[in-house]
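Here is what each chain is made of, one letter per residue.
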Amino acid sequence: MDTLTQNKILFAQDISKSFPGVQALSNVTLDVREGEIHGLVGKNGAGKSTLVRVLMGLHEPDAGTLTINGRIFHSITSSDALAAGIAYVPQHVDMMNSLTVAENILVGALPKGPLGLVNWGAVYKEAHERLSKLGLELDVHKRVEGLSVAEQTMLAIAKALFGNARLIILDEPTAALPRPDINRLFGFIRSLKDKGVAFIYISHHLEEVFEICDRVTVLRDGCLVGSYPVADLDMAKLTNSIVGEDVKEYERSSTCVPDAKALELVGLTRRGHYEDINLTVSQGEVIGISGLQGCGAEALGAGLFGLEPWGVGEVRIGEDAFTARNPHEAFAQGLALLPQDRYRFGLIGLRPVRENVTYTIIDRLMGLLGIVKVPSERKIVAEYIDNLGIVTPSQDQMVRLLSGGNQQKVVFAKLAATKPSVLVLHEPTQGIDVRAKVDIYRIIDELAAQGIAILIISSEVRELMGVCDRILVMYHGRITNEFKRGDPETTPANILRAIEGGSNNAKE
Amino acid sequence: MQKPTANPIVLALIDNLIWVLVLAALITFSVLSKSFITPYNLVNIIPKVAAIGLLVIGQSFTMITAHFDLSSESGLGVTAMVAGLLIATTQYGGLGVMAPAWLAIIAMIAVGLLIGLANGLMITRLRMNNLIVTIAMMIALRGVVYIISPGSSASFFGPVFNWLGGGTLFRFQSGAQIVSVPVSLAFVLLAFAVSHIITQYTQFGRNMYAVGASRDAAESSGIRSQRIILYVYLISGLCAALAGLLSAGRLDSATPRSGLGWIFPVQAAAIIGGISLSGGRGNMIGALGGLLLWGILDTGLSILQVNPFTIDVFRGGLLLFAVLLDALKTRYLYRTAMREALSTTSIGLADTSLGFK
């Protein structure tokens, strides 16, 4: 089909969007045509979510225009977006889980009988008919919570289409889906594509992008790298676009103390999350753990820290057995976790910087009757502010008023204060701008130089390559690959492929 | 440094609104009635509501951790009645045990702590909903008061109780009058002072605010939130016992209806004093202001000889007003937090839950 004559459903031109402290999007242009499956890729923080929110009318762009079905908008509201036929299907589908499929489809418009009471027979018939027209086979009597994830996603897509959507944005629809379900989902999407429905397909699973997309747009650091027909690309070119080649990355030299074990995991297994994890980390060593969502790395970190059960197996810190079952014990035994969601788990926003740093060590600062010795506290906090370069007008500033990078440094201070032997960092530079990221790497470097073993759970391959001595890849709950720094095999492309399970071909 | 999106001036105003209201109330009633602004009257504003004051303290402790204890009014009733049974003669409704005052006080405190323990364990160990648990306890304990009470009341608590509840600390001359400063005023002020020190200056207090502001973040910082919550319920139970002490002392009797319905002015005073319903905000000084406001309202309306049922309308109205202010405050904080967080994280669209309150 001649691409020039195909109708453009959406044309987003030169979209820019900034927030206090961070430029989320700069001059991003994207166009999607009728019947096209258009991939949108980029690492976390590249701007995909922000762009989608702009398209959905949830953010007003600072600059740029949106042309939807020929109408030009400078800013749209979410009802404009819906009315124009743009729908969003989130990764964790938003359905009324305890209600049936039919009820979810016909919500708000249940067919009624003569007395105004619901006519359930008509409800199920109508729902079934609508689904059949789309070629989707689902039991309309079943409760949504009983459907598989793939079926829920397909139902969400169907619902969007019933709402007259012409462009459906799919956010990571295949995370943790087994192969047969992916095939079914893709079959459904392709049948809709033939009917002229357009899709924006957001995914970290690059192999799938090659499988189902017609074109793909790559974002990096809020900028458009390019939009390419998939046929013109191969995996290497795509990963290089995503990860970037020209940026001078942070490089650190190893501070590993060989033969000094800091952390040892033997046969760690937690059903449904990870299996047979064997790992030894030396003092001063920095290792990265990467994988797709649901690969088990997240659960491993949370399990070690005591936020979740860690399953069975042996864990040793130094020579001692590690038995912590909650964060309090974990700190006491020398393991600390930097959570991914610092807003919910990392910091208490309304409280001042000073308090947020000392929650973990406050028993050292108590005087008579349990009253906190504030001068001693101030002294310790001042040292951390100085060492970590935390930018704040005062120790009493509410921590939520700091920028993302400085907030993260406060969390680091809190954890470092516990003098841990092992530090687990979960996405330590998420939501932090480029300049502050370097500060964080420096902090990681200094902590490692002190002999602390550091585990970084992250999806930022480039970052891991610069900072880690080793990178482990987890897939479906097992450690599948190990990449050493300096090894010629350690390239972004290889690591990304391992993350997707490519080199193991473990997909059915 | 980025520009803060939550205006610190607005936040300061929000947290200190109570004093503006107290001032407004004082002025209003002084204007409406000449007998309001006398030294005698002013000195007695708090003593009249001393028992409620102790309940406000207990309530504030739990509310700061984002929990409720609606059973404290019944705790007051039970403990007052227990003391009555121990102290009063059989003629005046007691068991005839003729226990000394100190024994009765220890028994009261023990009962109060026991109630707090029961609440705390159900809520932390069994993870039962705190609102329903304490409402159920409120009902059940009120029944208990009726069951253990001898008849209509137990009276004559003796000199210790009378002194604590209604005695005079010292007298001073004001113009032609001699004004007595009640002991209960000192008791209440001392209790608030101690509570303020505990909540603002100790590790326990820090942890309380942390748990209330963000339980998840508190847990991840090594704070044992379950323990903190248990402790605040114990404290609330203790305060209910002390409230029972003041009530029995002041009225010199304990009836099955002691404390009945008091939970509403208690809640109103705490909330309007700045102790947020969502937890993690507010302090004891503000709560004292809330108590003061309630006392002014109560005294003022009585002086104006307002119909007691109209006073009930005021009670309800004050509580509604307090909750409205709190809702506006919470929404303001949530909106600004949302804006800040959205700008710096890449959480997916589906995730709209934010820990910051």
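1. Observations regarding the overall build of chain B
- In terms of regular secondary structure, chain B is built from 15 helices and four strands.
- Its C-alpha atoms give chain B a radius of gyration of 22 Å, near enough to 21 Å, the size a compact globule of 357 residues would have.
- By its C-alpha atoms, chain B is 75 × 50 × 35 Å across when sized along the principal axes.
- Counting only residues that meet the buried cut, chain B has 50% of its 357 residues in that class.
- Taking the contacts inside chain B whose residues are at least 6 apart along the sequence as the reference set, 76% of them involve residues at least 24 apart.

2. Overview of the overall build of chain A
- When you go through chain A residue by residue, the secondary structure sums to 17 helices and 20 strands.
- Taking the principal axes of its C-alpha atoms as reference, chain A extends roughly 75 × 55 × 50 Å.
- Buried residues in chain A amount to 51% of all 508 residues.
- Pairs at least 24 apart in sequence give 69% of the contacts found in chain A among residues at least 6 apart.

3. Regarding unusual backbone geometry
- In this structure, A:Asn164 is a non-glycine residue whose phi angle is positive, near 65°.
- Residue position: A:Asn164 is located in the loop between helix H5 (149-162) and strand E7 (167-171).
- For B:Arg127, which is not glycine, the phi torsion reads 55° and is therefore positive.
- According to the C-beta neighbour criterion, B:Arg127 is exposed, with 9 such atoms within 10 Å.

4. Section: the confidence of the model for chain A
Residue and element names in this part refer to chain A.
- For chain A, per-residue confidence averages 86 on the pLDDT scale, and 95% of positions sit at 70 or higher.
- Within chain A, the element-level pLDDT minimum falls on helix H8 (residues 235-243), averaging 79, and the maximum on strand E16 (residues 335-338), averaging 96.
- This stretch, residues 1-5, has a pLDDT under 50; its non-local contacts, to residues over four places away or in other chains, come to one contact.

5. Overview of the environment of B:Pro150
- As for its placement among the helices and strands, B:Pro150 is situated in the loop between helix H7 (130-148) and strand E1 (154-155).
- Taking the C-alpha atoms as reference points, B:Pro150 and B:Gln173, 23 residues apart in sequence, are found 43 Å from one another.

6. Re the sheet that holds strand E17 (residues 422-426) of chain A
Residues and elements named next belong to chain A.
- Strand order in the open sheet formed by six strands is E16-E17-E18-E13-E19-E20, with mixed pairing between adjacent strands. At either margin of the open sheet sits one strand with a lone partner, and together these are E16 and strand E20 (478-484). Adjacent strand axes in the sheet meet at a mean angle of 20°, parallel and antiparallel pairs treated alike.
- Pairing of E16 with E17 involves four bridges; the strand directions are parallel. Paired with Leu338 across the two strands is Leu425, which belongs to E17.
- Where helix H9 (residues 297-305) meets the sheet, it contacts strand E13 (286-290), E16, E17, strand E18 (453-457) and strand E19 (470-475), and its direction lies at approximately 140° from that of E17.

7. Notes on the sheet that holds strand E11 (residues 257-270) of chain A
All names here are of chain A.
- Judged by pairing direction, the sheet is antiparallel, and its four strands sit side by side in the order E12-E11-E14-E15 without closing on themselves. One side of each edge strand has no neighbouring strand; the edge strands of this open sheet are strand E12 (274-283) and strand E15 (320-321).
- In this structure, strand E14 (residues 312-317) lies alongside E15, joined through two bridges in antiparallel fashion. Each residue of the ladder has a partner; that of Ile317, found in E15, is Asp320.

8. Examining the packing of helix H3 (residues 39-48) of chain B against helix H9 (residues 183-201) of chain B
Residues and elements named next belong to chain B.
- Put simply, H3 and H9 touch, their axes get as near as 8 Å, and they point 60° apart. As the angle between them shows, H3 and H9 are arranged oblique. You can see that H3 and H9 cross each other, and the crossing is left-handed. Between H3 and H9, the contacting residues are Val43, Ile46 and Pro47 on the first element and Ser184, Leu185 and Val188 on the second.

9. Observations concerning the nonpolar core
- Judged by nonpolar contacts, the single largest core of 256 residues is most densely connected at A:Ile168, A:Val424, A:Ile454 and B:Leu55.
- Counting residues per element, this core draws most heavily on helix H12 (residues 225-251) of chain B, at 15 residues.
- With residues near it in sequence (within four places) discarded, A:Val424 still touches A:Gly301, A:Leu304, A:Phe305, A:Leu335, A:Leu337, A:Leu338, A:Leu455 and A:Ile457.

10. So, the confidence of the model for chain B
All names here are of chain B.
- Taken as a whole, chain B shows an average pLDDT of 86; of its residues, 92% reach a score of 70 or greater.
- Across residues 345-357, confidence stays below pLDDT 50; counting only partners more than four residues off in sequence or on other chains, it has 43 contacts.
- Across the whole predicted complex the pTM is 0.79, and at the interface the ipTM reaches 0.80.

11. Focus on the pairing of E14(A)
Residue and element names in this part refer to chain A.
- Pairing of E11 with E14, which is carried by five bridges, proceeds in the antiparallel orientation. Residue pairing in the sheet places Thr269 in a bridge with Val312 of E14.
- Connecting E14 to the next strand, E15, in antiparallel fashion are two residues, including Gly318 with a positive phi near 65°.

12. Some details on helix H4 (residues 120-134) of chain A
Residue and element names in this part refer to chain A.
- For H4, spanning 15 residues, the distance from its first C-alpha to its last is 22 Å, which sits close to the expected 21 Å at 1.5 Å a residue.
- Regarding H4, the residues found buried are Val123, Ala127 and Leu131. The buried side chains of H4 occupy one side of the element, clustering within an arc of 50° when seen end-on. Across H4 from its buried face, at more than 90 degrees, point the exposed residues Gly121, Glu129, Ser132 and Lys133.
- On its buried face, H4 is in contact with helix H3 (101-105) and H5.
- Two residues or fewer after H4 comes Gly135, characterised by a positive phi angle close to 80°.

13. Comments concerning the environment of A:Gly389
Residue and element names in this part refer to chain A.
- Looking at the secondary structure, you find Gly389 in the loop between helix H13 (374-388) and helix H14 (404-416).
- In this structure, the C-alpha to C-alpha distance between Gly389 and Ile440, residues 51 residues apart in sequence, is 10.0 Å.
- Beyond its immediate chain neighbours, meaning those up to four positions away, Gly389 contacts Lys409 and Asp439.

14. Focus: the packing of H8(A) against helix H17 (residues 492-499) of chain A
All names here are of chain A.
- At a closest axis distance of 9 Å, the pairing of H8 and H17 adopts a crossing angle of 100°. Taken together, the axis directions place H8 and H17 in an arrangement best described as roughly perpendicular. Residue-level inspection shows Met235, Ala236, Thr239 and Val243 of H8 in contact with H17, the latter providing Pro492, Ala493, Leu496 and Arg497.
- Looking at side-chain class alone, the contact of H8 with H17 contains six nonpolar, one polar and one charged residues.

15. A closer look at H12(B)
All names here are of chain B.
- Relative to the 39 Å expected for 27 residues at 1.5 Å per residue, H12 spans 39 Å between its end C-alpha atoms, a close match to the ideal helical length.
- The element H12 is extensively covered by neighbouring structure, given that 22 of its 27 residues are classed as buried.
- Of the residues flanking the end of H12, it is Asp252, one or two places downstream, whose phi is positive at about 60°.

16. Describing the environment of A:Ala150
All names here are of chain A.
- Tracing the backbone shows Ala150 in helix H5.
- C-alpha of Ala150 to C-alpha of Leu238: the two residues are 88 residues apart in sequence and 26 Å apart in space.
- When near neighbours in sequence (up to four residues on either side) are disregarded, Ala150 contacts Leu177, Asp181, Arg184 and Leu185.

About the criteria used
Residues numbered from 1 in each chain as written. Chains lettered and ligands numbered in written order. Predicted model: local features only at pLDDT ≥ 70, side-chain atom pairs only at ≥ 80, totals over all residues. Helix = DSSP H or I, 4+ residues; strand = E, 2+ residues; numbered from the N terminus. Rg over C-alpha atoms; globule rule 2.2 N^0.38 Å. Buried ≥ 20, exposed ≤ 12 C-beta atoms within 10 Å, placed from the backbone. Contact = placed C-beta atoms within 7 Å. pLDDT = per-residue confidence, 0-100. Pairing = 2+ DSSP bridges. Axes fitted to C-alpha atoms, helices over the stretch in contact; angles between N-to-C directions. Parallel < 35°, antiparallel > 145°, perpendicular 65-115°, else oblique. Left-handed = near helix turned anticlockwise from the far one by under 90°. Core = buried A, V, L, I, M, F, W, Y, C linked by C-beta atoms within 7 Å. Expected span 1.5 Å × (residues − 1). Arc of directions from axis to C-beta. Nonpolar A, V, L, I, M, F, W, Y, C, P; charged D, E, K, R; others polar.

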